[in-house]
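One letter stands for each residue in the lines below.
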Amino acid sequence: MNEDLIITDEQHSIDEKFMALAIKLAHQAEQHNEIPVGAVVVANGNVIGEGFNQSIMLNDPSAHAEMIAIRQAGKVQNNYRLLDCTLYVTLEPCPMCAGLLVHSRIKRIVYGALDLKTGSAGSVFNITGSEKLNHQIPVTSGVLAEQCSHLLSAFFKRRRLEKKALKQAAKTSERQ
């Protein structure tokens, strides 16, 4: 990972506070049957952008929580560079979002759950820390990881059960 920062107890408390807000946003995504990921952008202790996954609702593959939060923060800052901002997100950013974060020049990323399939902040890929790019971002991982992971696991378990029930219902109706 890109663990470049020493995290004090005070910073850890701040990180947990904003991750809890990102988790609330992830619950909003889940209410819309979206993958439950939430994100907030913070500058000087204030939330200036927030988002939750909306790809299905908006028919937009780029409508990830991070994208929405970064777009909002850019408007608030009246700048496409978010130099003194921290992104809090419940799931490790994917390659698309990691690229966005590098281009936005975000100062720091804090995430909860690892994404062992497409994570791009150090687990599968390390886009956010690549020295081949013109900006590297310090990353703090695992903040409220258990809560973030549980939310995602429960969501996918429910979806698998729903698919199984639909298949069973289809087989039953075929027999009749």
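Residues numbered from 1 in each chain as written. Predicted model: local features only at pLDDT ≥ 70, side-chain atom pairs only at ≥ 80, totals over all residues. Heavy atoms only, no water.

- An unreviewed UniProt entry lists the protein chain under the name tRNA-specific adenosine deaminase, with Thalassotalea castellviae given as the organism.
- Of the protein chain, the UniProt comment under Sequence similarities (unreviewed entry) reads exactly: "Belongs to the cytidine and deoxycytidylate deaminase family. ADAT2 subfamily."
- Under Catalytic activity (unreviewed entry), UniProt gives the following word-for-word description of the protein chain: "adenosine(34) in tRNA + H2O + H(+) = inosine(34) in tRNA + NH4(+)". (UniProt positions renumbered as here; feature names shortened; annotations may be inferred.)

1. Considerations on the overall build of the protein chain
Here is step 1: Secondary structure assignment for the protein chain yields 5 helices and 5 strands.
Here is step 2: Walking the protein chain from its N terminus toward its C terminus, one meets helices and strands in the order α-β-β-α-α-β-α-β-β-α.
Here is step 3: Taken against the 2.2 N^0.38 rule, which gives 16 Å for 176 residues, the C-alpha radius of gyration of the protein chain at 17 Å falls within 12% of a compact globule.
Here is step 4: By principal-axis analysis of the C-alpha atoms, the protein chain measures approximately 65 × 30 × 30 Å.
Here is step 5: The buried share of the protein chain, taken over its 176 residues, is 43%.
Here is step 6: Relative to all contacts within the protein chain whose residues are 6 or more apart in sequence, the contacts with residues 24 or more apart total 61%.
Here is step 7: The centroid of the 19 positive side-chain charges in the protein chain is displaced by 10 Å from the centroid of its 18 negative side-chain charges. (Helix = DSSP H or I, 4+ residues; strand = E, 2+ residues; numbered from the N terminus. Rg over C-alpha atoms; globule rule 2.2 N^0.38 Å. Buried < 20%, exposed > 50% of the residue type's maximum accessible area, 1.4 Å probe, protein only. Contact = heavy atoms within 4.5 Å. Lys, Arg positive; Asp, Glu negative; His and termini not counted. Charge placed at Lys NZ, Arg CZ, Asp CG, Glu CD.)

2. Thoughts on the pattern of salt bridges
Here is step 1: This model, assessed by the stated rule, comprises 2 salt bridges.
Here is step 2: Measuring nitrogen to oxygen at the nearest pair gives 2.6 Å for the salt bridge that ties D15 to R108. Of the two residues, D15 is situated in helix α1 (residues 9-31) and R108 in strand β4 (residues 108-113); the sequence distance between them amounts to 93 residues.
Here is step 3: Residue class for D15 comes out buried when judged on its relative accessible area of 0%.
Here is step 4: What makes R108 buried here is its relative accessible area of 6%. (Salt bridge = Lys/Arg side-chain N within 4 Å of Asp/Glu carboxyl O.)

3. What to know about the UniProt feature "active site" (unreviewed entry) in the protein chain
Here is step 1: Look at the UniProt record and you will see "active site" (unreviewed entry) annotated at E66.
Here is step 2: With respect to the secondary-structure elements, E66 resides in helix α3 (residues 65-77).
Here is step 3: For E66, the contacting residues outside a window of four places in its chain are A39, L87, V89, L91, P93, C94, C97 and L100.

4. Here's the deal with the UniProt feature "domain: CMP/dCMP-type deaminase" (unreviewed entry) in the protein chain
Here is step 1: According to UniProt, the positions carrying the feature "domain: CMP/dCMP-type deaminase" (unreviewed entry) are residues 13-133.
Here is step 2: For residues 13-133, the end-to-end C-alpha separation is 31 Å, with 38% helix and 21% strand making up the annotated structure.

5. Examining the sheet that holds strand β2 (residues 46-52)
Here is step 1: Strand order in the open sheet formed by 5 strands is β2-β1-β3-β4-β5, and the pairing between neighbours is mixed. If you trace the sheet from one side to the other, it starts and ends with β2 and β5 (139-140), each paired once.
Here is step 2: With 2 bridges joining them, β4 and β5 adopt parallel strand pairing. Note that in β5 the partner of I109 across the bridge is V139.
Here is step 3: Contacting β1 (38-43), β2, β3 (85-91), β4 and β5, α1 runs over the sheet at an angle of about 55° to β3.
Here is step 4: Its contacts with the sheet put α3 on β1, β2 and β3, and the angle it makes with β2 is roughly 145°. (Pairing = 2+ DSSP bridges. Axes fitted to C-alpha atoms, helices over the stretch in contact; angles between N-to-C directions.)

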